[in-house]
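Structure assessment
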Amino acid sequence: MNIQQALALRGEPESYERQENAWLLEHITKIDSFDLVMKKDKELTAEQEQAYREAIARIEAGEPLAYVTGSQPFWTLDLKVTSDTLVPRPDTEVLVETVLKLELPEDARVVDLGTGTGAIALSLASERPNWSLTATDIYEPTLEVAKFNAEQHDLDQVQFVLGSWLKPFGRQFFDVIVSNPPYIDPADEHMHNLATEPQRALISDKKGLADLEQIILQAKKHLTVEGWVVLEHGYDQADAVQHLFRQAGYKKVRTVKDYGGNDRVTLAQWPH
Ligand SMILES: C[S@@+](CC[C@H](N)C(=O)[O-])C[C@H]1O[C@@H](n2cnc3c(N)ncnc32)[C@H](O)[C@@H]1O
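Scoring rules and cut-offs
Residues numbered from 1 in each chain as written. Predicted model: local features only at pLDDT ≥ 70, side-chain atom pairs only at ≥ 80, totals over all residues. Helix = DSSP H or I, 4+ residues; strand = E, 2+ residues; numbered from the N terminus. Rg over C-alpha atoms; globule rule 2.2 N^0.38 Å. Contact = placed C-beta atoms within 7 Å. Axes fitted to C-alpha atoms, helices over the stretch in contact; angles between N-to-C directions. Parallel < 35°, antiparallel > 145°, perpendicular 65-115°, else oblique. Left-handed = near helix turned anticlockwise from the far one by under 90°. Nonpolar A, V, L, I, M, F, W, Y, C, P; charged D, E, K, R; others polar. Buried ≥ 20, exposed ≤ 12 C-beta atoms within 10 Å, placed from the backbone. Arc of directions from axis to C-beta. Near = placed C-beta within 6 Å. Core = buried A, V, L, I, M, F, W, Y, C linked by C-beta atoms within 7 Å. Pairing = 2+ DSSP bridges.

1. Thoughts on the overall build of the chain
When its secondary structure is counted, the chain shows ten helices and nine strands. Its C-alpha radius of gyration of 20 Å places the chain within 12% of the 19 Å reference for a compact globule of 272 residues. Overall size of the chain, expressed as C-alpha extent along the three principal axes, is 65 × 40 × 30 Å. Intrachain contacts of the chain at a sequence separation of at least 6 include 64% that bridge at least 24 residues.

Printed below as a string of structure tokens:
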């Protein structure tokens, strides 16, 4: 099988499936996906063809490409991804941008709760080397992936803490508490599309709002004066999250849209 035949194995010309085929071939052959067309007559080795066919079968069975290749680009970083982590989504970059635009001290203390691959914490650390960043998760194997990603990108200023939301932090204070917590309603009919990713990363009680609420309430005891909480949520949860913030006494509550024009991030400030 040559590269042209491999590219055409699945999907219509110009389709997303064909693009995925190209990324898979890049991963397997180490030929840049942009150069594949120029090398279309090159034959795959027997091992490459077998690896490619197996990878295609996994994707057709519903696994995300990132689980098959073991990595996912996020912000400027290439992150290791395993079945213990959520695949970081491009819309979460809006959360990173929102935090970077805040007026904060030079040496801001920032915590990313439920860090998964480390996507948010490591992106912030890469942009703001003077910040003191902490990343947490409730699941040790997930935290190990985030630590690996920090080492890969030489971001050794990031501290890692195992535990539930802000419980591990005693009397510690932060200028920013950021999180992309689980926020999908367990009854959501689209959950079957996400069946290969860990449920602990996705589902939350109270129609998806239980973890967002816990973070909003716990954060009050861990924010510096005028500190911020910045949370990702579902496209239809902005009103509910704004209400939770206001009810808890926060000010300057506002929502930011994602690249698709959906409400995606709500932030609020703890007053004087
Ligand atoms: C939606 S994923 C987000 C992962 C990553 N921050 C991202 O944006 O790609 C939620 C993460 O929260 C973690 N998590 C779930 N419940 C938690 C809890 N009670 N305390 C801390 N982390 C939790 C999960 O293990 C998962 O890694």
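2. Details of the packing of helix α9 (residues 210-219) against helix α10 (residues 238-247)
α10 packs onto α9 with a crossing angle of 25° between their chain directions and a minimal axis gap of 10 Å. What the angle tells us is that α9 and α10 run roughly parallel. Read as a crossing pair, α9 and α10 show a hand that is right-handed. Of the residues in α10, those touching α9 at L212, E213 and I216 are V241, L244 and F245.

3. Topic: the packing of helix α2 (residues 16-29) against helix α3 (residues 46-60)
The geometry of α2 relative to α3 is characterised by a closest axis approach of 10 Å and an angle of 140° between their N-to-C directions. Looking at the two axes, α2 sits oblique to α3. The handedness of the crossing between α2 and α3 is right-handed. Between α2 and α3, the residues in contact are E20, L24, L25, I28 and T29 and Q48, A51, Y52, A55 and I59, respectively. Per-class residue counts for the contact of α2 with α3 are seven nonpolar, two polar and one charged.

4. Structural notes on α10
Along α10, the residues classified as buried are A238, V241, L244 and F245. Across the axial projection of α10, the buried residues extend over an arc of 125°, all falling on one side. Seen from the buried face of α10, the exposed residues on the opposite side, beyond 90 degrees, are D239, H243, R246 and Q247. Here the buried face of α10 lies against α9, β7 (223-232), β8 (251-257) and β9 (263-269).

5. Side note on the site of the ligand
Close contacts around the ligand come from 22 residues, with G114, G116, I138, N180 and A201 the closest. Put simply, the parts of the chain that give the shell around the ligand at least two residues each are α6 (119-127) and β4 (132-137). Residues that form the shell around the ligand fall into these classes: eleven nonpolar, nine polar and two charged.

6. Re α9
Those residues of α9 that sit buried are D211, L212, I215, I216 and A219. End-on view of α9: buried residues confined to an arc of 140°, all on one side of the axis. Looking at the buried positions of α9, the neighbouring elements they touch are β3 (109-113), β6 (174-179), β7 and α10.

7. Quick notes on the nonpolar core
Counting 56 residues, the largest nonpolar core has V110, L124, V176, I177, V229 and V230 as its most contacted members. The leading source of residues in this core is α6, at six residues. Counting residues in each nonpolar core, the second largest holds ten residues, with I3, L24, Y52 and A55 among its members.

8. What to know about the sheet that holds β4
Taken together, the seven strands give an open sheet; going across it, the order is β5-β4-β3-β6-β7-β9-β8, and neighbouring strands pair in mixed fashion. This sheet does not close on itself; its edge strands, each paired only once, are β5 (159-162) and β8. Each neighbouring strand pair of the sheet contributes to a mean axis angle of 15°, computed without reference to strand direction. Taken together, the four bridges between β3 and β6 define a ladder with parallel strand orientation.

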